[in-house]
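Read off the chains here:
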Amino acid sequence: MTEQKDLLQHQAILQRDKETYALVPHLPGGITDTNTLRKIADIADKYGCQAVKVTSAQRIALVGIKEEDVENFWSDLNLPKGHAIGKVVRSVKICPGTTFCKRGRQDSVSIGLMLDKKYHGMELPNKTKIGVSGCANNCAENAIKDIGLMGTPKGFNITVGGCAGGRARLAELLFTDKTSEEALTIVDKIIEVYKGAAKGGQRIGFFIEKVGLENFKKCIEAAEKDLSKLIKELKEHNV
Ligand code: SF4
């Protein structure tokens, strides 16, 4: 008998019964509308979904779908798949920021959705989670995100290296009060350096522990023309 596993190509997560799967449509930032929710509910009923679970990644997991129904489920639902498994950018958690929240200092929704569009599902050395919060309350849990943007009265503070899991790690502050454009460029560089110099299976925080936060920061601040040389040096440090 073949052992049942997650179905990576369908983003189908094997459940405890070892027979059925959870499917998780992508709802960027957890922001959706009533028509989409109705559609999800209708398709969930059609395929005999056993439970509906709101996830910590701001998605809705539909639990208990049979393997033979997985492909039809996705084609009927016609929504993007949430990347909930694999060594990819899993989620960009976005707080309501200045779009909805009275405490918001910065527009976390706009910048978060831009990051989601660009990075969700991108293959990297290990799973990567991004959090974007509109103020110091950090409702997107920046402290345990691989990359975090936090709104301040002057811009965004940027943190790296947080994660939860078996060996939890608090994120470290990399830059303060950056504009949205600067913050987006910095995230691009973080991803480029991580992708170029980390080993397979290494989360950003543990990669930074190996190469040193200051060396990592130097790389992020470097001019584009010097980057590949610096990435090569970081790779040599990462043993
Ligand atoms: S982090 Fe700040 S802006 Fe975002 S939801 Fe929390 S309190 Fe509101």
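So, here is what we can say about the structure in this document. (Residues numbered from 1 in each chain as written. Predicted model: local features only at pLDDT ≥ 70, side-chain atom pairs only at ≥ 80, totals over all residues.)

**Topic: the site of the ligand**
Right, on to step 1. Around the ligand lies a shell formed by Cys-95, Pro-96, Gly-97, Cys-101, Arg-103, Gly-104, Ser-133, Gly-134, Cys-135, Asn-137, Asn-138 and Cys-139.
Right, on to step 2. Among the residues forming the shell around the ligand, the class breakdown is 5 nonpolar, 6 polar and 1 charged. (Near = placed C-beta within 6 Å. Nonpolar A, V, L, I, M, F, W, Y, C, P; charged D, E, K, R; others polar.)

**Focus: the pairing of strand S4 (residues 60-66)**
Looking along a regular strand, one sees the side chains alternate between the two faces of the sheet.
Right, on to step 1. Bridge count for strand S2 (residues 20-23) against S4 is 4 bridges, and the pairing is antiparallel. Bridging across to S4, Thr-20 finds its partner in Lys-66.
Right, on to step 2. Across 4 bridges, strand S3 (residues 51-54) lies against S4 in antiparallel orientation. The residue bridging Val-52 from the neighbouring strand is Leu-62, located in S4.
Right, on to step 3. The antiparallel pairing of S3 with S4 creates a hairpin that spans 5 residues between the two strands, and Gln-58 there sits at a positive phi of about 65°. (Pairing = 2+ DSSP bridges. Helix = DSSP H or I, 4+ residues; strand = E, 2+ residues; numbered from the N terminus.)

**Considerations on the nonpolar core**
Right, on to step 1. Core analysis: the largest hydrophobic core is formed by 41 residues, its most contacted members being Val-132, Ile-190, Val-193 and Tyr-194.
Right, on to step 2. With 8 residues, helix H5 (residues 180-197) is the largest single contributor of residues to this core.
Right, on to step 3. Discounting residues that sit within four places of it in the chain, Val-132 has contacts with Val-92, Ile-94, Cys-95, Ser-108, Ile-111, Gly-112, Leu-115, Ala-140 and Leu-149.
Right, on to step 4. Residues Cys-49, Phe-73, Leu-77 and Ala-84 belong to the second largest nonpolar core, which totals 15 residues. (Core = buried A, V, L, I, M, F, W, Y, C linked by C-beta atoms within 7 Å. Buried ≥ 20, exposed ≤ 12 C-beta atoms within 10 Å, placed from the backbone. Contact = placed C-beta atoms within 7 Å.)

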